[in-house]
Amino acid sequence: RFYHTNAGLFMEPEEIQLTEILLATRSEAETLIVKIRDGEDMDTLAAQHSIRVDESGHGHLHMHNHPSQRSVYGRLYDEVIAAPLNELVGPIGLDEGFSIFKVSHRVAPQHATFESAASRAEWWIRKQEEKRLFDQLFTRLRDKYSSTVVIYEDSLGRLVAN
């Protein structure tokens, strides 16, 4: 029931597939852009020249439109999110070098299946119950000891928020 009532909590993020070539210098990146525009195969060039280590060894990256990806890819993440489909982009200056890339495929966000979201739904339910029990305990303690304890609401609010 929680899963169906709170469907927005259980979305799979957009998936993005791209080919990227990371190079040490801007001039190398600009040289490869000319070769790609002249018809050379980007996958082959990525396998030969990219300094980014990936599973495929061919410059193929698979990202999700999720903020956690920013910590992995840095500025490249922001550029990929904004990039149009099937358009060569770059060179983009990154901490690791200069990137040229092309987004080849996007899969729109979609609702997670119940099977894949069940553990997250259980977590949310558990968190709600913990909060309800904590609030209940705190109210009882506050009522029971109100004559002997001074509560500084502003300090308490900062503690609970953290």
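Provided above is the structure to which this section pertains.
Residues numbered from 1 in each chain as written. Predicted model: local features only at pLDDT ≥ 70, side-chain atom pairs only at ≥ 80, totals over all residues. Heavy atoms only, no water.

1. Observations regarding the pattern of salt bridges
Summed over all chains, the structure comprises nine salt bridges. A salt bridge links Glu30 to Arg26, with the nearest nitrogen and oxygen atoms 3.9 Å apart. Here the residue Glu30 and the residue Arg26 both occupy positions in helix 2 (residues 26–37), the gap between them amounting to four residues, near one helical turn. Salt-bridge contacts for Glu129 lead to Arg132; the nearest nitrogen and oxygen are separated by 2.5 Å. (Salt bridge = Lys/Arg side-chain N within 4 Å of Asp/Glu carboxyl O. Helix = DSSP H or I, 4+ residues; strand = E, 2+ residues; numbered from the N terminus.)

2. Looking at the pairing of strand 5 (residues 97–107)
Strand direction decides the pairing type here: strand 2 (residues 15–23) and strand 5, joined by nine bridges, are antiparallel. Note that in strand 5 the partner of Glu15 across the bridge is Val107. Sheet analysis places strand 4 (residues 88–94) next to strand 5, joined by five bridges and oriented antiparallel. Note that in strand 5 the partner of Gly93 across the bridge is Phe98. A loop of two residues connects strand 4 with strand 5, the two strands running antiparallel in sequence. (Pairing = 2+ DSSP bridges.)

3. Things to note about the side chain of Glu14
When you line up the elements, Glu14 lands in the loop between strand 1 (11–12) and strand 2. In this structure Glu14 comes out as buried when scored by relative accessible area, which is 14%. Within the local environment of Glu14, its side chain forms a polar contact with the side chain of Arg106, the two groups lying 3.4 Å apart. Beyond its immediate stretch of four places on either side in the chain, Glu14 contacts Met63, His64, Asn65, Arg106, Val107, Ala108 and Pro109. (Buried < 20%, exposed > 50% of the residue type's maximum accessible area, 1.4 Å probe, protein only. Polar contact = N/O pair within 3.5 Å; in protein donor to acceptor, adjacent residues only side chain to side chain. Contact = heavy atoms within 4.5 Å.)

4. Focus: the packing of helix 2 against helix 3 (residues 42–49)
A packed helix pair is summarised by two numbers, namely the angle formed by the two axes and the spacing between the axes. Where helix 2 meets helix 3, the axes come as close as 10 Å, and the angle between the chain directions of the two elements is 155 degrees. What the angle tells us is that helix 2 and helix 3 run roughly antiparallel. In the crossing of helix 2 with helix 3, the sense of the turn from one axis to the other is right-handed. Residues Leu32, Lys35 and Ile36 of helix 2 lie in contact with helix 3, whose contacting residues are Met42, Leu45 and His49. Here the residues of the contact of helix 2 with helix 3 are counted per class, giving four nonpolar, one polar and one charged. (Axes fitted to C-alpha atoms, helices over the stretch in contact; angles between N-to-C directions. Parallel < 35°, antiparallel > 145°, perpendicular 65-115°, else oblique. Left-handed = near helix turned anticlockwise from the far one by under 90°. Nonpolar A, V, L, I, M, F, W, Y, C, P; charged D, E, K, R; others polar.)

5. Concerning the sheet that holds strand 3 (residues 60–64)
Taken in spatial order, the four strands line up as 3-2-5-4 in an open sheet, and their pairing is antiparallel. Only two strands of the sheet have a single neighbouring strand rather than two, namely strand 3 and strand 4. Each neighbouring strand pair of the sheet contributes to a mean axis angle of 35 degrees, computed without reference to strand direction. Set on the sheet, helix 2 makes contact with strand 2, strand 4 and strand 5; between it and strand 4 the angle comes to about 175 degrees. Set on the sheet, helix 3 makes contact with strand 2, strand 3, strand 4 and strand 5; between it and strand 2 the angle comes to about 50 degrees.

6. A closer look at the pairing of strand 2
The element strand 2 is extensively covered by neighbouring structure, given that seven of its nine residues are classed as buried. Pairing between strand 2 and strand 3: five bridges, direction antiparallel. Residue Ile16 lies in a different strand from strand 3, and its bridge partner there is Met63.

7. So, helix 3
What helix 3 keeps buried is the set Met42, Leu45 and Ala46. For helix 3, the buried positions fall inside an angular range of 105 degrees around the axis, keeping them on one side. Here the buried face of helix 3 lies against strand 2, helix 2, strand 4 and strand 5. (Arc of directions from axis to C-beta.)

8. Digging into the nonpolar core
Leu18, Met63, Leu76, Val80, Phe101 and Val103 are the most contacted members of the largest nonpolar core, which totals 15 residues. Not counting residues up to four positions away in its chain, the partners in contact with Val103 are Ile16, Gln17, Leu18, Val80, Ala83, Pro84, Leu85 and Asn86. Core analysis: the next-biggest nonpolar cluster, separate from the first, contains eleven residues, Ala29, Leu32, Ile36 and Ile100 among them. (Core = buried A, V, L, I, M, F, W, Y, C linked by side-chain atoms within 4.5 Å.)

So far we have only geometry, and geometry alone does not tell us how the molecule works.
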